[in-house]
Amino acid sequence: MKRLICTIIGIFLFLVAPPCFTARGQDAGWISPSATFYLSDSELELAKTRALEGDAESALRISEYYGMVKGDYISELPWLEIAAINGNVLAQYNLGQTYLHSHLFKNVRLARFWFKEAEKNGSTEAKMRLEEMKEVRDVVD
């Protein structure tokens, strides 16, 4: 029953929550959060070319497009991995989160690996996740 109530509240908030506000020079307007991550077909193709050449920012942008705009988590993962492999700290952290929490891709060892990489690159959030994972492991062991 609790889960049903939370689901209904979540759907309600999603449907009635105000969209994000953004300023575009002098022209300010309302946009949805996913519009931030939208890529046109030509932008997507250019980003794919750059990502496959090792541009971590382009790979991260593609992963955000697939995850946030398309809701296609299967297509999101390889681009997130490319961004992480090429040193993007946000991608490393997000990949750790994906491997830790995703029902599709759950892999605690890979989560720990990517959190350690993100921590090496300065992510305090990754450091906190590693500490939390250690605490859980200590309790279980």
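Residues numbered from 1 in each chain as written. Predicted model: local features only at pLDDT ≥ 70, side-chain atom pairs only at ≥ 80, totals over all residues. Heavy atoms only, no water.

## Observations regarding the layout of surface pockets
So, point 1. Looking at the largest pocket, its volume works out to about 280 Å³.
So, point 2. Forming the walls of the largest pocket are 14 residues, and the residues nearest its centre are Tyr73, Glu76, Leu80, Asn94 and Thr98.
So, point 3. Residues of the lining of the largest pocket, tallied by class, amount to 7 nonpolar, 5 polar and 2 charged. (1 Å grid on protein atoms, 1.4 Å probe; cavity = no way out; pocket = protein on both sides within 12 Å on 5 of 7 lines; lining within 4 Å. Points joined across faces, edges and corners; volume = space filled by probe spheres on them. Nonpolar A, V, L, I, M, F, W, Y, C, P; charged D, E, K, R; others polar.)

## Structural notes on helix α2 (residues 41-52)
Side chains three or four residues apart in an α-helix point the same way, a direct result of the helix having 3.6 residues per turn.
So, point 1. Helix length check: α2 (12 residues) gives 17 Å between terminal C-alpha atoms against 16 Å at 1.5 Å per residue, within 8%.
So, point 2. Every buried residue of α2 is accounted for by Leu44, Ala47 and Ala51. Projection of α2 onto a plane perpendicular to its axis shows the buried side chains occupying an angular sector of 65 degrees, all on one side. Within α2, the exposed residues directed more than 90 degrees away from the buried face are Asp41 and Ser42.
So, point 3. Summarising the contacts, the buried residues of α2 are in contact with α3 (56-70) and α4 (73-85).
So, point 4. Positive phi appears at Gly54, one or two residues downstream of α2, with a value of about 105 degrees. (Helix = DSSP H or I, 4+ residues; strand = E, 2+ residues; numbered from the N terminus. Expected span 1.5 Å × (residues − 1). Buried < 20%, exposed > 50% of the residue type's maximum accessible area, 1.4 Å probe, protein only. Arc of directions from axis to C-beta. Contact = heavy atoms within 4.5 Å.)

## A few points about helix α5 (residues 89-101)
So, point 1. Between the first and last C-alpha of α5 there are 18 Å, a value that for 13 residues agrees with the 18 Å anticipated at 1.5 Å per step.
So, point 2. Regarding α5, the residues found buried are Ala91, Gln92, Tyr93, Leu95, Gly96, Thr98, Tyr99 and Leu100.
So, point 3. With a side-chain oxygen lying 3.0 Å from the backbone nitrogen of Leu90, the N-terminal cap of α5 falls on Asn88. (Polar contact = N/O pair within 3.5 Å; in protein donor to acceptor, adjacent residues only side chain to side chain.)

## What to know about the side chain of Asn88
So, point 1. Looking at where Asn88 falls in the secondary structure, it is placed in the loop between α4 and α5.
So, point 2. The class of Asn88 is buried, set by a relative accessible area of 7%.
So, point 3. Among the polar contacts made by the side chain of Asn88, one reaches the main-chain amide nitrogen of Ala91 at a distance of 2.8 Å.
So, point 4. Not counting chain neighbours up to four residues away, the residues in contact with Asn88 comprise Ala56, Glu57, Leu60 and Ala83.

## Topic: the packing of aromatic side chains
So, point 1. By the definition in use, this model includes 4 aromatic pairs.
So, point 2. Between Tyr38 and Tyr65, the aromatic rings sit 6.3 Å apart at their centres with planes inclined by 70 degrees, giving edge-to-face as the arrangement. Of the two residues, Tyr38 is situated in the loop between β2 (27-31) and α2 and Tyr65 in helix α3; the sequence distance between them amounts to 27 residues.
So, point 3. Given the relative accessible area of 4%, Tyr65 is considered buried. (Phe/Tyr/Trp six-rings, centres within 6.5 Å; stacked < 30°, edge-to-face > 60°.)

## Considering the pattern of salt bridges
So, point 1. By the definition in use, this model includes 2 salt bridges.
So, point 2. Residues Lys120 and Glu117 are paired through a salt bridge, measuring 2.9 Å at the closest nitrogen-oxygen approach. Of this pair, Lys120 and Glu117 both sit in helix α6 (residues 108-120), 3 residues apart, which is roughly one turn of that helix.
So, point 3. The buried category is assigned to Glu117, whose relative accessible area is 19%.
So, point 4. Taking the shortest distance from any N to any O, the salt bridge between Glu132 and Arg129 comes out at 3.1 Å. Placement of both Glu132 and Arg129 in helix α7 (residues 124-140) is noted, with a separation of 3 residues, approximately one turn of the helix. (Salt bridge = Lys/Arg side-chain N within 4 Å of Asp/Glu carboxyl O.)

Just geometry here; none of it tells us what the structure is for.
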